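# Structural overview
Now for the letters of each chain:
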Amino acid sequence: EKCPLQRLVEGTLTLELACIECETSTTRSEAFPFISLEIEQNSSLVGCLTKFFAAELLCGSDKSRCECCCAAVCARKTFEISESPRLLFVQLKRFH
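Residues numbered from 1 in each chain as written. Predicted model: local features only at pLDDT ≥ 70, side-chain atom pairs only at ≥ 80, totals over all residues. Heavy atoms only, no water.

## Re the layout of surface pockets
The volume enclosed by the largest pocket comes to roughly 220 Å³. What lines the largest pocket is simply Ser36, Leu37, Glu38, Cys48, Lys51, Phe52, Ala54, Ala55, Glu56, Lys77, Thr78 and Phe79. Going through the elements one at a time, β3 (35–38), α2 (45–53) and β7 (75–83) are the ones with two or more residues in the lining of the largest pocket. (1 Å grid on protein atoms, 1.4 Å probe; cavity = no way out; pocket = protein on both sides within 12 Å on 5 of 7 lines; lining within 4 Å. Points joined across faces, edges and corners; volume = space filled by probe spheres on them. Helix = DSSP H or I, 4+ residues; strand = E, 2+ residues; numbered from the N terminus.)

The structure is reproduced here in C-alpha coordinates:
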(Lines give C-alpha, C1' and ligand atoms only; values in the text may rest on other atoms or scores of the structure.)
Protein backbone atom coordinates (compact mmCIF):
# COMPACT_ATOMS: atom_id res chain seq x y z
CA GLU A 1 0.00 0.00 0.00
CA LYS A 2 1.31 3.41 -0.97
CA CYS A 3 1.49 6.20 1.58
CA PRO A 4 -0.51 9.41 0.87
CA LEU A 5 2.58 11.27 -0.39
CA GLN A 6 3.42 8.48 -2.87
CA ARG A 7 -0.15 8.49 -4.20
CA LEU A 8 0.17 12.24 -4.75
CA VAL A 9 3.56 12.46 -6.51
CA GLU A 10 4.38 9.01 -7.90
CA GLY A 11 3.73 8.22 -11.56
CA THR A 12 4.74 5.44 -13.91
CA LEU A 13 7.27 5.97 -16.71
CA THR A 14 7.36 3.42 -19.53
CA LEU A 15 10.47 2.83 -21.65
CA GLU A 16 9.97 1.23 -25.06
CA LEU A 17 12.82 -0.17 -27.18
CA ALA A 18 11.82 -0.99 -30.76
CA CYS A 19 14.14 -2.90 -33.09
CA ILE A 20 14.73 -1.01 -36.36
CA GLU A 21 15.15 -4.30 -38.27
CA CYS A 22 12.04 -6.27 -37.26
CA GLU A 23 10.01 -3.64 -35.30
CA THR A 24 9.76 -5.96 -32.29
CA SER A 25 9.45 -3.87 -29.16
CA THR A 26 10.02 -4.44 -25.47
CA THR A 27 8.66 -2.26 -22.71
CA ARG A 28 9.63 -1.71 -19.11
CA SER A 29 7.72 0.39 -16.60
CA GLU A 30 8.91 1.85 -13.34
CA ALA A 31 7.58 4.24 -10.74
CA PHE A 32 9.03 7.75 -10.57
CA PRO A 33 8.70 10.54 -7.99
CA PHE A 34 10.06 13.24 -10.35
CA ILE A 35 11.44 13.75 -13.85
CA SER A 36 15.02 14.93 -14.20
CA LEU A 37 15.57 17.20 -17.24
CA GLU A 38 18.76 18.58 -18.70
CA ILE A 39 18.31 22.29 -19.24
CA GLU A 40 20.28 24.19 -21.84
CA GLN A 41 20.84 27.90 -22.20
CA ASN A 42 17.75 29.78 -23.43
CA SER A 43 15.54 26.69 -23.25
CA SER A 44 12.03 26.47 -21.85
CA LEU A 45 10.40 23.83 -19.68
CA VAL A 46 8.26 22.78 -22.66
CA GLY A 47 11.38 22.46 -24.82
CA CYS A 48 13.12 20.33 -22.18
CA LEU A 49 10.08 18.05 -21.83
CA THR A 50 9.82 17.72 -25.62
CA LYS A 51 13.48 16.70 -25.80
CA PHE A 52 13.09 14.20 -22.93
CA PHE A 53 10.12 12.46 -24.58
CA ALA A 54 11.49 12.57 -28.16
CA ALA A 55 12.43 9.24 -29.74
CA GLU A 56 16.15 8.49 -29.61
CA LEU A 57 17.97 6.27 -32.10
CA LEU A 58 20.43 3.88 -30.44
CA CYS A 59 23.17 2.83 -32.88
CA GLY A 60 26.90 2.23 -32.87
CA SER A 61 28.15 1.47 -29.36
CA ASP A 62 24.61 2.04 -28.00
CA LYS A 63 23.03 -0.82 -29.98
CA SER A 64 20.40 -2.88 -28.20
CA ARG A 65 20.07 -6.66 -28.22
CA CYS A 66 16.96 -7.85 -30.06
CA GLU A 67 15.65 -11.22 -28.89
CA CYS A 68 13.80 -11.75 -32.18
CA CYS A 69 16.82 -10.98 -34.42
CA CYS A 70 19.29 -12.61 -31.96
CA ALA A 71 21.73 -9.77 -32.57
CA ALA A 72 22.77 -6.30 -31.46
CA VAL A 73 20.77 -3.90 -33.63
CA CYS A 74 19.88 -0.24 -33.89
CA ALA A 75 16.79 0.53 -31.85
CA ARG A 76 14.40 3.40 -31.23
CA LYS A 77 14.04 4.35 -27.55
CA THR A 78 11.03 6.28 -26.30
CA PHE A 79 9.68 7.26 -22.89
CA GLU A 80 6.07 7.98 -22.01
CA ILE A 81 4.22 8.65 -18.80
CA SER A 82 1.83 5.73 -18.62
CA GLU A 83 0.36 6.76 -15.27
CA SER A 84 0.39 10.46 -14.45
CA PRO A 85 1.02 11.67 -10.92
CA ARG A 86 -1.36 14.23 -9.43
CA LEU A 87 1.63 16.54 -8.93
CA LEU A 88 4.57 16.42 -11.31
CA PHE A 89 7.91 17.42 -9.83
CA VAL A 90 10.61 18.38 -12.32
CA GLN A 91 14.31 18.51 -11.46
CA LEU A 92 16.21 20.87 -13.76
CA LYS A 93 19.84 19.80 -14.25
CA ARG A 94 21.99 22.76 -15.23
CA PHE A 95 25.17 20.68 -15.55
CA HIS A 96 25.39 17.34 -17.39
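## Brief notes about the nonpolar core
Residues Leu13, Phe32, Ile35, Leu37 and Cys48 constitute the largest nonpolar core, which totals five residues. In this view, isoleucine 35 contacts Phe52, Phe53, Ile81, Leu88, Phe89, Val90 and Gln91; residues no more than four positions away in its chain are not counted. (Core = buried A, V, L, I, M, F, W, Y, C linked by side-chain atoms within 4.5 Å. Buried < 20%, exposed > 50% of the residue type's maximum accessible area, 1.4 Å probe, protein only. Contact = heavy atoms within 4.5 Å.)

## Quick word on the sheet that holds strand β2 (residues 25–32)
Reading across the sheet, the four strands line up as β2-β1-β7-β4 and stay open at both edges, with antiparallel pairing between neighbours. Both edges of this open sheet fall to β2 and β4 (56–58), since each of them pairs with a single strand only. Each neighbouring strand pair of the sheet contributes to a mean axis angle of 30°, computed without reference to strand direction. With three bridges connecting them, β4 and β7 associate as antiparallel partners. Bridged to leucine 58 within β7 is alanine 75. Here α2 sits on the sheet and contacts β1 (11–19) and β7; the angle it forms with β7, its principal contact strand, is near 120°. (Pairing = 2+ DSSP bridges. Axes fitted to C-alpha atoms, helices over the stretch in contact; angles between N-to-C directions.)

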